[in-house]
Each structure stands twice: as C-alpha cells, then as structure tokens.
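Read off the chains here:
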Amino acid sequence: MKKLSIALMTVAALTASPTLAQGRLGLLPQGDYVCALPGSADGSAWNEVERANFSITGASSYKARHGAGTYLLEGRRLTFTRGPMKGMRMMRISSGMLQEVNKAGKLGRMRCHRAGPLTR
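All of the points below concern the structure found in this document. Within any chain, residue numbers begin from 1 and follow the written order of that chain's sequence. Two thresholds apply to this predicted model, a pLDDT of at least 70 for residue-level local features and 80 or more for giving and counting side-chain atom pairs, whereas whole-chain, interface and lining totals are computed over all residues. Remark: hydrogens and water are excluded; side-chain values derive from all non-hydrogen atoms of the structure.

1. Examining the state of the cysteines
Line of reasoning, step 1. Working definition: a disulfide is two cysteine sulfur atoms within 2.5 Å of each other. Evaluated as defined, the whole model comprises 1 disulfide.
Line of reasoning, step 2. Disulfide partner of Cys35: Cys112, at an S-S distance of 2.0 Å. Residues Cys35 and Cys112 share a disulfide whose torsion about the S-S bond is about 105°; that sign makes it right-handed. In this pair, Cys35 is assigned in strand S2 (residues 31–38) and Cys112 in strand S10 (residues 107–116), connecting sequence segments 77 residues apart. The numbering of helices and of strands both runs from the N terminus, where a helix is a DSSP run of H or I of at least 4 residues and a strand a run of E of at least 2.

2. Notes on the side chain of Asn53
Line of reasoning, step 1. Along the chain, Asn53 turns up in the loop between strand S3 (46–48) and strand S4 (54–58).
Line of reasoning, step 2. Here a polar contact means two N or O atoms within 3.5 Å. Within protein one must be a hydrogen donor candidate and the other an acceptor candidate, and residues neighboring in sequence count only if both atoms are side-chain atoms. At 2.7 Å, the side chain of Asn53 and the backbone nitrogen of Cys35 are in polar contact.
Line of reasoning, step 3. Reaching out from Asn53, the side chain makes a polar contact with the side chain of Glu48 at a distance of 2.7 Å.

3. Focus: the packing of aromatic side chains
Line of reasoning, step 1. Only the six-membered ring of Trp is used, alongside the rings of Phe and Tyr, when aromatic pairs are assigned; centres must lie within 6.5 Å, and planes under 30 degrees apart are stacked while those over 60 apart are edge-to-face, with the rest tilted. Throughout the structure, instances matching the rule amount to 3 aromatic pairs.
Line of reasoning, step 2. For the pair Phe54 and Phe80, a centre-to-centre distance of 5.4 Å together with 80° between the ring planes defines the contact as edge-to-face. One end of the pair, Phe54, is in strand S4; the other, Phe80, is in strand S7 (residues 77–82), with 26 residues separating them in the sequence.
Line of reasoning, step 3. We call a residue buried when its accessible area falls under 20% of the maximum for its residue type, exposed when it is over 50%, and partly exposed in between, using a 1.4 Å probe and counting protein chains only. By relative accessible area, which is 0% here, Phe54 ends up buried.
Line of reasoning, step 4. Classification of Phe80 as buried rests on a relative accessible area of 1%.

4. Quick look at the pairing of strand S6 (residues 67–74)
Here is the key point about a regular strand: its side chains alternate between the two faces of the sheet.
Line of reasoning, step 1. Two strands make a pair as long as DSSP finds a minimum of two bridges between them. Relative to S6, strand S1 (residues 25–26) runs antiparallel, the two being bridged by 2 bridges. When the sheet's bridge partners are listed, Leu25 is paired in S6 with Glu74.
Line of reasoning, step 2. For strand S5 (residues 61–64) and S6, the ladder comprises 4 bridges, and the chain directions are antiparallel. Counterpart to Ala64 in the pairing with S6 is Gly67.
Line of reasoning, step 3. What sits between the antiparallel neighbours S5 and S6 is a turn of 2 residues.
Line of reasoning, step 4. Sheet analysis places S6 next to S7, joined by 5 bridges and oriented antiparallel.

5. Notes on the nonpolar core
Line of reasoning, step 1. Core analysis: the biggest nonpolar cluster contains 18 residues, and Leu28, Phe54, Leu78, Phe80 and Leu98 have the highest contact counts within it.
Line of reasoning, step 2. Those elements that provide at least two residues to this core are S2, S4, S5, S6, S7 and S10.
Line of reasoning, step 3. Should any heavy atoms of two residues lie within 4.5 Å, those residues are counted as being in contact. Setting aside residues up to four positions removed in sequence, Leu78 forms contacts with Leu28, Tyr71, Leu72, Leu73, Met88, Arg89, Met90 and Leu98. Residues belong to one nonpolar core when they are buried, are Ala, Val, Leu, Ile, Met, Phe, Trp, Tyr or Cys, and are joined through side-chain atoms within 4.5 Å.

Below is the structure:
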C-alpha cells in the first residue's frame, strides 16, 4: 500500500509540474472565420478555401460546413477534437488569426482570420 501511495504522489507531482504543461486552456473569440491560401503576384492576394471556413459558436464549440464539433485551445495551439474538422491543428498567431499546422508540426500555408460576428 505504501508503494502505491508513493507512486500516486509521484504521478501527481509530475502532472502538476509547470514545465510539463502544454499551455493555459483558452477560448477563441466567437464569430465567423474565413480561411484562405496566399495568392499570386499577378492575381488575387488571397484565395478563399470555403470548405475550411468555420464559426466559433460558444465555449469550445464550432460549426463548419458539414456539422458541428468541439475544439481545444492550449496556449497558442488549437486542435479540433470532434466533428467534421477533427484532427485539424492550427496555431494562434494573433487574437483573430490562425495558421494551419501540418502533420509534420510545421506551419502550413493556409490562414484563417476572424471576419466578424456570427452570421450563421
């Protein structure tokens, strides 16, 4: 029993350690987010990616083209945890701007910005 108590205390100490923390949990501002890829010098500056657009509807909830789901914001890292965008990851680069994170963990080309209040 004593060994079990020591093991549980060790696990509790490790999980409470700030050096292991991934960041504070947060919420994105509610509203519609429009996603786009950079354009070209001889065309438009941005090319909207309509299938990636979404709306933040409430505490950790979003609505996308094909349904609704939830997200987790840890520090600057955003992960869609349920729904049609499940598994997609983004980095919050400013209060209203997100940038996709690819499977290798590098910043991708697509950015999503808060375009305004909820309209859907």
